[in-house]
Structures are given as structure tokens and as C-alpha cells.
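Observations on chain architecture
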Amino acid sequence: MFLIYNFDCIQFFSFMQEKILITGAGGQLGSVLTLKLQEKFGFDRIIATDLYPKIGHRGHFEILDATDYQKLESIVIKHSITQIYHLAAILSASGEKTPVKTWDLNMKTLINVLEVSRIQGVHKVFFPSSIAVFGDNASKDNTSQDQFLLPSTIYGISKATGENWVNYYYIKYGLDVRSLRYPGVIGHQSLPGGGTTDYAVDIFHKAIHNKPFECFLSASAQLPMIYMEDAIRATIELMEAPKQNITIRSSYNIAGMSFNPNQLFLMIRKTYPKFTITYKPDFRQQIADTWPNSIDDSNARRDWGWNPKCDLESMTSSMIKNLKLKQ
Ligand code: SER
């Protein structure tokens, strides 16, 4: 009894000590994750950072270009940071326009985060990877964890390389870095920027405004996707899982749902029967062609109990309901 009580106290005490820094806190995922972590730990424990301040942001905020090691380190010291969620990155479609800049930014920021964690004793780091690590050679359906990675975009190359870096820091320095290979993330709270899966958010904004939608992917381009609530829950569940359960130190496959633009369009049409779509595939279709159709996330299910809650139908009705509330 005493032991259990004592253990709970220690856990509670360490929970209360956490100071969490988020890079890319103004982004699609970062803005929602910041709110969730503030809710969970309290405003004082969360330090949101990004290149620009976010209008209406509540709580601590620091301007940070995460390629600047000195600035990053000074913020980590100033706030006695214990955990970092490193979300700043250039995504797949934008990255193809400036490959060298994308490599520089995605790698420099990650290595800065890993180094500052090693040097300043940050004990836990989250690194987002992506389905973009898979290339043409990987099997398309139910793509498994351990496929040979041959990414087609510079973004995918930076994420596959990042997976090796985080694994290296775990093995060499014992840094507790955890990572997920996110599918396309769909949410009503924020807009994505520069991704190949962005159409699946944009389409809802057109539908609720009774506008036609022009899709930059073809009707049959099936991709793995996840609803924002599931993506945030997966992130926090992974970060809170007991250390001994984490068997994958590169990055976990996770799945939410899989659909193509036509299936999403037909689902939205159930609410908006007059909604129309045209297809004008561009270079993003070539990127999508190299990505999986669906993902096998059995390792995440086995190791830390991952279980997505949202499918195409429930995601669609939640998106429409929440976007309409904002109108
Ligand atoms: N949603 C991302 C993109 O399209 C994939 O990680 O770039």
C-alpha cells in the first residue's frame, strides 16, 4: 500500500515538473497540440514557439527559428524545459519547390533539438515522421512497419533520415525520443500548408461555403489519413506509454482511415447534394502515387494500445458540424 502510494506520488511529482517546449506551434498540428497540452499540464508548463507569434495565443510564447541553436538553447535554459515536441518542418509539396532549403531546415532543426536535449538534459522528445518515408518500392496496401524506405520527395528523405537520427540518439545517448509516421491529418481547427494530403481539408471549406472544388489529386488517389483528434491522442498516448513498451525507436506506423477523393466527395455529398468536384491532378499526384494506400499499424496497437476512433463517415460529419459552427 505504502509502495503504491509512494509510486503514485513520484509519478504525480514528475508530471507536475514537466516543462514542455513545442516548435512549429503555429502549424496545423502544433496549434491543436499546444491547446491539448495546455489543457493537460496547465498554461504555465507549455512554451509554444514559432517563427511568428500567433494572434490570440494564450500562455507562454517565444519567437524561435529552430535553425538557430543559440536561441533554442537559451529558451530551453530559461524555462528549464524537460520535453520537446519538435513539429517545425517544411511539408512534402512545398518541399519539392525548394529541395535544398527543405533539407537544410528539416535536418538542422531536428539536430538542434536532439543536441540541445542531450546537452541540457531534456529527457523526452517527440519527432513527427510521415507516410512520406515510403516510396514506390514499398507495398501499397497495408504497408508494414519494416519496409525498405526509398522516399520520392525531399520531405520524405528528411523524415527517413530523421528517423535514423532519433534512433541513433536513443542508442548512443539514451535520449528518449518517440516518433509517429503521420498519415494526412484532417482537422477543422487549423489549415494545413504545403502537403500532398491538404486537399482532404480544403474540400470541406469549399463544401460548407457552397463552392465547387477543384482537386489536385485524381479521383482514385487513395491515401492513409487520420482525424485530428486521433492524431493528437496518438501523440500523447505514445509520449505517455511506459518506456519499456516502446520497441520501435525509429518511428511507428499509425493508421486512422484510408480513402480516395471520390469516396470523400461522395460522403460530403450526403450532406451537400449540390456539391461538385472537378479533378485537375498536378505534381502532387506523382507524389501521392509513391505513397501507401493504407498502413499496417499493428506494432503501435501491440506496444502502446493504439486504436483509432474515427472513420471516414464520423470524420466527415464532425468536420462539417464543427466548420459550420464557425461560419
Ligand atoms: N500530410 C503530409 C504531406 O502531405 C504527409 O506527412 O506532406
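Report on the accompanying structure. (Residues numbered from 1 in each chain as written. Predicted model: local features only at pLDDT ≥ 70, side-chain atom pairs only at ≥ 80, totals over all residues. Heavy atoms only, no water.)

1. Some thoughts on the overall build of the chain
Per the secondary structure count, the chain includes twelve helices and twelve strands. For 327 residues, the compact-globule estimate of 2.2 N^0.38 gives 20 Å, and the chain sits close to it at 20 Å. For the chain, the spread of C-alpha atoms along the three principal axes comes to 60 × 40 × 40 Å. Residues classed as buried in the chain amount to 54% of the 327 residues present. Long-range contacts, defined here as pairs at least 24 residues apart, represent 79% of the contacts in the chain between residues at least 6 apart. Counting every atom, the chain has about 14900 Å² of accessible surface; 55% of that belongs to carbon and sulfur. Where the 34 positive side-chain charges of the chain centre and where its 31 negative ones centre are 5 Å apart. (Helix = DSSP H or I, 4+ residues; strand = E, 2+ residues; numbered from the N terminus. Rg over C-alpha atoms; globule rule 2.2 N^0.38 Å. Buried < 20%, exposed > 50% of the residue type's maximum accessible area, 1.4 Å probe, protein only. Contact = heavy atoms within 4.5 Å. Areas by Shrake-Rupley, 256 points an atom, 1.4 Å probe, with all protein chains shown as cover. Lys, Arg positive; Asp, Glu negative; His and termini not counted. Charge placed at Lys NZ, Arg CZ, Asp CG, Glu CD.)

2. Overview of the pairing of strand β1 (residues 20–23)
Side chains I20 and I22 of β1 all project onto a buried face; the interleaved residues L21 and T23 project onto the opposite face, where all are buried too. Relative to strand β2 (residues 46–50), β1 runs parallel, the two being bridged by three bridges. Within β2, the position partnered with L21 by the bridge is I47. Note on the crossover from β1 through helix α2 (residues 28–41) to β2: the handedness is right-handed. Where β1 meets strand β4 (residues 83–86), four bridges bridge the pair, whose relative direction is parallel. Across the sheet, residue I22 finds its bridge partner in β4, namely Y85. (Pairing = 2+ DSSP bridges. Right-handed = clockwise from strand over helix to strand, strands pointing away.)

3. Digging into the sheet that holds strand β5 (residues 124–130)
Reading across from one edge, β3-β2-β1-β4-β5-β6-β10 is the order of the seven strands in this open sheet, with parallel pairing throughout. Across the chains shown, the open sheet's two edge strands, defined by having one partner strand only, are β3 (60–63) and β10 (252–253). Helix-sheet contacts for α2 involve β1, β2, β4 and β6 (176–182), and the interaxial angle to β2 is about 165 degrees. Lying on the sheet, helix α5 (residues 99–120) is in contact with β4, β5 and β6; it crosses β4 at an angle near 175 degrees. (Axes fitted to C-alpha atoms, helices over the stretch in contact; angles between N-to-C directions.)

4. Describing the pattern of salt bridges
Within the structure shown, the criterion is met by 13 salt bridges. Residues R118 and E115 are paired through a salt bridge, measuring 2.7 Å at the closest nitrogen-oxygen approach. In this pair, R118 and E115 are both assigned in helix α5, three residues apart and thus about one turn of the helix distant. Its relative accessible area of 35% is what places R118 among the partly exposed residues. Of the charged contacts, one joins D303 and R302 as a salt bridge, the two residues approaching to 2.8 Å between their closest N and O atoms. Taking the relative accessible area as the measure of exposure, D303 reaches 7% and is therefore buried. Residue R302 is classed as exposed on the basis of its relative accessible area, which comes to 56%. Through salt bridges that share partners, D176, R178 and R249 make up one connected network. (Salt bridge = Lys/Arg side-chain N within 4 Å of Asp/Glu carboxyl O.)

5. A word on the side chain of S31
Structurally, S31 can be placed in helix α2. Here the side chain of S31 touches Q28 through a polar contact of 3.5 Å, landing on its backbone oxygen. Each residue touching S31, except ones within four places of it in the same chain, is listed here: A25, G26, K54 and S190. (Polar contact = N/O pair within 3.5 Å; in protein donor to acceptor, adjacent residues only side chain to side chain.)

6. Regarding α5
Each full turn of the α-helix corresponds to 3.6 residues, which orients residues three or four apart in the same direction. Helix length check: α5, at 22 residues, gives a terminal C-alpha distance of 31 Å against a target of 32 Å (1.5 Å per residue), a fit within 8%. For α5, the set of buried residues is T102, N106, M107, T109, L110, N112, V113, L114, V116 and S117. Buried-residue contacts for α5 involve α3 (69–78), β4, α4 (92–97), β5, α6 (154–173) and β6. In the stretch just after α5, G121 is the one whose phi turns positive, near 75 degrees. (Expected span 1.5 Å × (residues − 1).)

7. Focus on the site of the ligand
If you check the shell around the ligand, you find L91, S92, S130, Y155, G184, G195, T196, T197 and W291 and nothing else. Contact between the ligand and S130: an oxygen atom at 2.6 Å from a side-chain N or O atom of the residue. One nitrogen or oxygen atom from the side chain of Y155 is found 3.1 Å from an oxygen atom belonging to the ligand. When the ligand sits alone it has 240 Å² of accessible area, and the protein chains cover 93% of it. Here the residues of the shell around the ligand sort into three nonpolar, six polar and no charged. (Near = heavy atom within 4 Å. Nonpolar A, V, L, I, M, F, W, Y, C, P; charged D, E, K, R; others polar.)

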